[in-house]
Amino acid sequence: MKRTLTLLLCLTLLLALTLPAFAAEYPVLTGTAEPEWILKYGNIFFSVTIEALLAAGYEYGDIVTVEFLDQSVEVPLCSSYSDVDPGLPGLFARPTDTYCHLAVNMGDFAATYGIAVKTTYEDKSFVWNWAEGVEGPVSFTIRMKQPGGYREQYLLRRLSYTDERADYPDLTDAQYANFRAIETTGMGKGVLYRSCTPINPLHNRNSYADAAFRAAGITVVMNLADDEETARAFEGFDKTYYSTTSFIALNMGVEFASAEFMAKLADGMRFFAEHPGVYALHCIEGADRAGFVAALLECLMGADCAEITADYMLSYYNYYGVQPGEERYDLIADRVFHKSLSDVFGVEDLRSADLAACAAAYLKACGLTDETIAALKKNLSAPPAAAEPKNEPKTEPIPEPQPEPQPAQDTVYIVRAGDCLWNLAKRFYGDPLQWKRIADANALRDPYIILIGQSLLIPA
């Protein structure tokens, strides 16, 4: 009994010594808010400066507890509204602001949490008043909940790229097109390439990819993104080098273990096995679907985990500038690439797995025979077959993308990956400085934040 009490006393002492140290490392910060500090859409600024918050040791990606009135919320510390999903709250310390604020992405923090009520007048001016029973100024207290608890999500949401060639001065044209040869262990030199789309102009990389296809002498293509009708319908398709190749269009999704994906992949692999040549595979960006299929073929041919990872991560350098040694490089490699491939292969650790056997087993599960797999390996390991394009490509130069004519009437546009108001203004008006017309027409709270799938009114 005495020994038990002694142990309990020791544990109590240890906790007493530990908790103050934790508190000292992350001091509690308190600020107040007045109604005039609440923005139009209910974002509440309060008197804790961003400089003081970061100086106190708090970092982007931490999870903090914010206490106010008789409530508390656990939220991530973020630098942009897009760091959290729509409808979710966060503590925002944006570099363009002086003070911290609480907001709900695409929502209303003040109303959601019963802090204040907005009155809007006929002239569209507004005023905020404290909700019934609330007396101001309202105090907000920040406490550390979990250092780095949201760090992975935060880093992944920091990834963004543009569709402007001039924004990538350090990349070659091939890198800008995410085009490269795959020359890992077992793969024939100059036999297999991967790329972004050479025909879809969505991200302004297609003409660069098509030029790279021509320079490499590509003759056989696996298109993972489109069906054949869609592929041939892209403007200028008949003038591309791509149109002279033998290609199969598979229109695949991204659920790598689904029956539909596996059946379509089997068709693509049979196409490669039956058509010796200089091969290329692509999706739209050349990152996810192309990254998976490239890794699968690399594994089949004998590459190890380090090799396939290095090739996969080149896409993140070409689009986002992510390089080895960065925290986000390891995060993407481990949490995105390794996880998806491990799940498909049914292994815990790619580094210790027999990747060639795993790849062969997956292809057999797709429906390939041993004979087809053997033919595929033979074609990929041999010197490039001396195949000629079906027709000589037309020699007319591929025109540079031109701005769309200014819409004659209001148009609704669905936001895609890589869009920003600057680029949309350039596209629809021929002048990026017209971005404010789009922002005003959509009453955007933050013109720097638009979401994939969001509908935007493009005024005439």
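Before reading on, note that the structure itself is shown above.
Draft legend 1. Up close: the packing of helix H8 (residues 259-274) against helix H13 (residues 370-381). Interhelical geometry of H8 versus H13 gives an angle of 60° and a closest axis separation of 8 Å. Considered as vectors, H8 and H13 are oriented oblique to each other. When the axes of H8 and H13 are compared, the crossing they make is left-handed. Residues Met269, Arg270, Phe272 and Ala273 of H8 lie in contact with H13, whose contacting residues are Thr372, Ala375, Leu376 and Asn379. Here the contact of H8 with H13 is composed, by residue class, of five nonpolar, two polar and one charged.

Draft legend 2. Local environment of helix H6 (residues 206-216). Within H6 the residues assigned to the buried category are Asn206, Tyr208, Ala209, Asp210, Ala212 and Phe213. Contacts made by the buried residues of H6 are with helix H5 (173-176), strand S11 (192-195), strand S12 (220-223) and strand S14 (279-282). With its phi angle positive at about 70°, Gly217 sits one or two positions after the end of H6.

Draft legend 3. Layout of the nonpolar core. By size, the foremost hydrophobic cluster in this structure holds 59 residues, and its most contacted members are Met222, Leu265, Met269, Phe345 and Tyr362. In contact with Met222, other than residues within four places in its own chain, are Ile248, Leu250, Leu265, Gly268, Met269, Phe272, Ala280, Leu281, His282 and Val293. Val48, Tyr58, Val75 and Cys100 belong to the second-largest nonpolar core, a separate cluster that totals 46 residues.

Draft legend 4. Spotlight on unusual backbone geometry. Of the consecutive residues Gly136 and Pro137, the connecting peptide bond is found in the cis state with omega at 0°. Residue placement: Pro137 occurs in the loop between strand S8 (126-130) and strand S9 (138-146). Positive phi, close to 60°, is recorded for Asn204, a residue that is not glycine. Relative to the assigned elements, Asn204 resides in the loop between S11 and H6. Relative accessible area serves as the criterion here: at 19%, Asn204 is assigned to the buried category. For Asn251, which is not glycine, the phi dihedral falls at a positive 50°. Among the secondary structure elements, Asn251 is positioned in the loop between strand S13 (246-249) and H8.

Draft legend 5. Spotlight on the sheet that holds strand S2 (residues 44-49). The strand order across the open sheet built from seven strands is S1-S9-S3-S4-S5-S6-S2, with neighbouring strands paired in mixed fashion. Edge positions in the sheet fall to strand S1 (29-33) and S2, since each has one partner strand and no second. For this sheet, the mean angle separating the axes of adjacent strands, direction not counted, is 35°.

Draft legend 6. Examining the sheet that holds strand S10 (residues 180-181) more closely. With mixed pairing, the five strands of this open sheet are ordered in space as S10-S11-S14-S12-S13. Each edge of the open sheet carries a strand with a single partner, namely S10 and S13. Direction of pairing for S12 relative to S14: parallel, over a ladder of four bridges. Across the sheet, residue Asn223 finds its bridge partner in S14, namely His282. Against the sheet, helix H9 (residues 289-301) contacts S11, S12 and S14, and its axis sits at roughly 140° relative to S14.

Draft legend 7. Summary view of helix H10 (residues 305-320). Compared with the 22 Å implied by 1.5 Å per residue over 16 residues, the 22 Å span of H10 between its first and last C-alpha is a close match. Summarising the contacts, the buried residues of H10 are in contact with H5, S10, S11, H9, helix H11 (327-345) and helix H12 (355-366). The backbone nitrogen of Ala306 has a side-chain oxygen 3.2 Å away, supplied by the residue at the start of H10, namely Asp304. Gly321, located one to two residues past H10, shows a positive phi value of around 75°.

Draft legend 8. Region of the structure containing the packing of aromatic side chains. Across all of its chains, the model carries 29 aromatic pairs by this definition. Aromatic side chains Phe68 and Tyr113 sit 5.9 Å apart centroid to centroid with 85° between the ring planes, which places their arrangement in the edge-to-face category. Of the two residues, Phe68 sits in strand S3 (residues 63-68) while Tyr113 sits in the loop between helix H3 (109-112) and strand S7 (116-120), which places them 45 residues apart along the sequence. We note that Phe68, like Tyr113, is buried. Look at Phe213 and Tyr242: their rings are 6.0 Å apart centre to centre, the planes differ by 35°, and that puts the pair in the tilted class. Placement of the pair is Phe213 in helix H6 and Tyr242 in the loop between helix H7 (228-233) and S13, with a sequence separation of 29 residues. Residue Phe213 is classed as buried on the basis of its relative accessible area of 0%. Under the relative-accessibility criterion, Tyr242 is labelled buried at 0%. An aromatic cluster is defined as three or more aromatic residues linked by ring pairs; in this entry it consists of Tyr161, Tyr312, Tyr316, Tyr319, Tyr320 and Phe337.

Criteria and cut-off values
- Residues numbered from 1 in each chain as written.
- Predicted model: local features only at pLDDT ≥ 70, side-chain atom pairs only at ≥ 80, totals over all residues.
- Heavy atoms only, no water.
- Axes fitted to C-alpha atoms, helices over the stretch in contact; angles between N-to-C directions.
- Helix = DSSP H or I, 4+ residues; strand = E, 2+ residues; numbered from the N terminus.
- Parallel < 35°, antiparallel > 145°, perpendicular 65-115°, else oblique.
- Left-handed = near helix turned anticlockwise from the far one by under 90°.
- Contact = heavy atoms within 4.5 Å.
- Nonpolar A, V, L, I, M, F, W, Y, C, P; charged D, E, K, R; others polar.
- Buried < 20%, exposed > 50% of the residue type's maximum accessible area, 1.4 Å probe, protein only.
- Core = buried A, V, L, I, M, F, W, Y, C linked by side-chain atoms within 4.5 Å.
- Pairing = 2+ DSSP bridges.
- Expected span 1.5 Å × (residues − 1).
- Polar contact = N/O pair within 3.5 Å; in protein donor to acceptor, adjacent residues only side chain to side chain.
- Phe/Tyr/Trp six-rings, centres within 6.5 Å; stacked < 30°, edge-to-face > 60°.

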